[in-house]
Amino acid sequence: MVASGVQFGWALQLSLLTPYIQFGVLPCVRIWSDKCSSKYGRRRPFILAGSLMISVAVIIIGFSADIGYLLGDADEDHRNFKGT
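Everything quoted here is computed from the prediction, not taken from an experiment.

Participant: Quick question: what am I supposed to make of the side chain of Ser-33 here?
Facilitator: Looking at where Ser-33 falls in the secondary structure, it is placed in helix α1 (residues 8-35). One polar contact links the side chain of Ser-33 to the main-chain carbonyl oxygen of Arg-30, over a distance of 3.0 Å. Once residues lying within four places of it in the same chain are set aside, the contact partners of Ser-33 are Arg-42, Arg-43 and Phe-46.

Participant: Looking at this structure, I do not really get the pattern of salt bridges. What am I missing?
Facilitator: Oppositely charged side chains can form a pair if their charged atoms are brought close together. Tallied over the full model, the rule gives one salt bridge. Between Asp-34 and Arg-43 there is a salt bridge, with the nearest N and O atoms lying 3.1 Å from each other. Among the residues examined, Asp-34 registers a relative accessible area of 43% and is labelled partly exposed. A relative accessible area of 40% places Arg-43 in the partly exposed class.

Participant: Help me out: how do you make sense of a nonpolar patch on the surface in this one?
Facilitator: Together, Leu-14, Leu-17, Tyr-20, Ile-21, Phe-23 and Val-25 make up an exposed nonpolar region whose accessible area comes to about 690 Å². Tracing the sequence through the fold places Leu-17 in helix α1.

So, how was this worked out
Residues numbered from 1 in each chain as written. Predicted model: local features only at pLDDT ≥ 70, side-chain atom pairs only at ≥ 80, totals over all residues. Heavy atoms only, no water. Helix = DSSP H or I, 4+ residues; strand = E, 2+ residues; numbered from the N terminus. Polar contact = N/O pair within 3.5 Å; in protein donor to acceptor, adjacent residues only side chain to side chain. Contact = heavy atoms within 4.5 Å. Salt bridge = Lys/Arg side-chain N within 4 Å of Asp/Glu carboxyl O. Buried < 20%, exposed > 50% of the residue type's maximum accessible area, 1.4 Å probe, protein only. Patch = residues over 30% accessible without salt bridge, like charges linked within 9 Å, V, L, I, M, F, W, Y side chains within 5 Å. Areas by Shrake-Rupley, 256 points an atom, 1.4 Å probe, with all protein chains shown as cover.

Written out as structure tokens, the structure is:
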């Protein structure tokens, strides 16, 4: 994990927080989708929005080294740009 730029402790903490975040977010999304009266149906707008958010997140992960460098990572932590 350290070779990819993420320390094990941070990755572990984030993975442990995921179920707790889901307990708060998923019921809200279910209620909103049940009340949705879109011409595309109740679920399709949420599937589209979710897939767009996941796509953006994957792109951001791909450029994370570049973004970290632009946000002020130290030169000794910086490797060559890998995103482009």
